[in-house]
Amino acid sequence: MTSESSARRVIARSGAPRRRTAPLTAARARLAGMRGLTYLIVVGVVLIYVFPLLFLVNTAFKRPDEFVRDPGAVAHGVALQNFVDAWSRGGFGNLIVNSLVYAVVSAGIAVILSVLIAFPVARGYVRFSRTVGVLFALALFLPNSIVSQFQLMLQLGLYDTRIGFILISTAGLGIGPLLIVGYLRTLPRELDEAAAMDGCGYFRYIWSFVLPLCRPVLTTVFILQAIGVWNDIIGPTIYLSSPQLQTVAQGLLSFYGQNGNNQWALLAAATLMIAAPLIVLYIVFQRFFVAGATNGALR
């Protein structure tokens, strides 16, 4: 009896893993299938974004007559003369300087204002701080009052001036306060109490502690604001009429002709040139940009 019962135990033990093998194999197969489907979706999304960029690069390196013959064909050579002609025709030397001034100054002011607005809301130092946070989110969906802004610029004498366009560009803070509020809520409130006990003032505390600790999210807000100002074409068209005050986005309009006679090769080269500074900016600050966006949105 003892040998028979022990044999049964051995058979039961040896058979148990075999019974669990089928469910484990099916689960692994489903996991592998989901993983493969995820990879396919990611590759598809990447192709959707990369294909227009590759087509733009291919068009920029084509000669104008080559593009007219076959717009979809691969460029046979590298027509660097397109970039030279586009630079001189669009007058991008002065336009890039203007856009740099507008983007850097506007983004810097927007970051400072966003911190000053977001800090008391995140800490609850103002009444109805949660309601104010909701208003920040609702403001993103409100339409721009272009007519009233234009009349305000005229009444203040700021129309067709650099300072006027910088102020009107800074007024749209966008998602910056929301990101900073989410990031500030991760900082311990004990820092505020310790600074107050040491006699640290409000603005000194923000400058000495808040700004260094929030560097990733501040970099994110700065980049987003600078990209918005750099790529803006509606604002400069409305508020800037002097040619010496125009931006790089307006410089692209010089490549459009009448009756569809557009210089597509030069336009593609000009588009790459004005997009290059933004690409370099993102590559340099990619680590801060990703950290600031994820921390400010999720924490």
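These figures come from a predicted structure and were not determined experimentally.

**Focus on the overall build of the protein**
And step 1. For the protein, the helix and strand inventory stands at 15 helices and 0 strands.
And step 2. Residue burial in the protein is summarised as follows: out of 299 residues, 34% are buried.
And step 3. Long-range pairs, those at least 24 residues apart, make up 72% of the contacts in the protein between residues at least 6 apart in sequence.
And step 4. Accessible surface computed for the protein: about 18,700 Å², of which carbon and sulfur atoms make up 68%.

**Description of unusual backbone geometry**
And step 1. Of note, Asp160 is a non-glycine position whose phi angle comes to about 60°, a positive value.
And step 2. Counting through the fold element by element, Asp160 comes out in the loop between α6 (146-155) and α7 (162-171).
And step 3. Judged by relative accessible area, Asp160 falls into the buried class, the value being 18%.

**Describing helix α3 (residues 81-90)**
And step 1. The set of residues buried in α3 consists of Asn82, Phe83, Ala86 and Gly90. What you see down the axis of α3 is that its buried residues fit within an arc of 95°, all on one side.
And step 2. Directly beyond the C-terminal end of α3, a positive phi value near 60° is found at Gly91.

**So, the packing of α3 against helix α4 (residues 92-123)**
And step 1. As a packed pair, α3 and α4 sit with axes 6 Å apart at the nearest point and diverge in direction by 70°. Taken together, the axes of α3 and α4 lie roughly perpendicular to each other. Contacts from Ala86, Trp87 and Gly90 of α3 reach α4 at Phe92, Gly93, Leu95 and Ile96.
And step 2. Tallied by class, the residues present in the contact of α3 with α4 amount to 5 nonpolar, 2 polar and no charged.

**Re the environment of Leu158**
And step 1. In this structure, Leu158 sits in the loop between α6 and α7.
And step 2. A C-alpha to C-alpha distance of 9.9 Å links Leu158 and Leu240, two positions 82 residues apart in sequence.
And step 3. In contact with Leu158, not counting residues within four places along its chain, are Met153, Ile163, Gly164 and Leu167.

**What about the pattern of salt bridges?**
And step 1. This model, assessed by the stated rule, comprises 4 salt bridges.
And step 2. Among the ionic pairs, Glu66 bridges to Arg63, the shortest N-O distance being 3.9 Å.
And step 3. The exposure class of Arg63 is partly exposed, given its relative accessible area of 40%.
And step 4. Taking the shortest distance from any N to any O, the salt bridge between Arg123 and Asp192 comes out at 2.6 Å. Linking Arg123 in helix α4 with Asp192 in helix α9 (residues 190-197), this pair joins segments that are 69 residues apart in sequence. Taken as a pair, Arg123 and Asp192 share a single burial class, namely buried.
And step 5. Put simply, Arg63, Asp65, Glu66 and Arg69 are held in one network by salt bridges that share partners.

Each value, and the rule that gives it
Residues numbered from 1 in each chain as written. Predicted model: local features only at pLDDT ≥ 70, side-chain atom pairs only at ≥ 80, totals over all residues. Heavy atoms only, no water. Helix = DSSP H or I, 4+ residues; strand = E, 2+ residues; numbered from the N terminus. Buried < 20%, exposed > 50% of the residue type's maximum accessible area, 1.4 Å probe, protein only. Contact = heavy atoms within 4.5 Å. Areas by Shrake-Rupley, 256 points an atom, 1.4 Å probe, with all protein chains shown as cover. Arc of directions from axis to C-beta. Axes fitted to C-alpha atoms, helices over the stretch in contact; angles between N-to-C directions. Parallel < 35°, antiparallel > 145°, perpendicular 65-115°, else oblique. Nonpolar A, V, L, I, M, F, W, Y, C, P; charged D, E, K, R; others polar. Salt bridge = Lys/Arg side-chain N within 4 Å of Asp/Glu carboxyl O.

So far we have only geometry, and geometry alone does not tell us how the molecule works.
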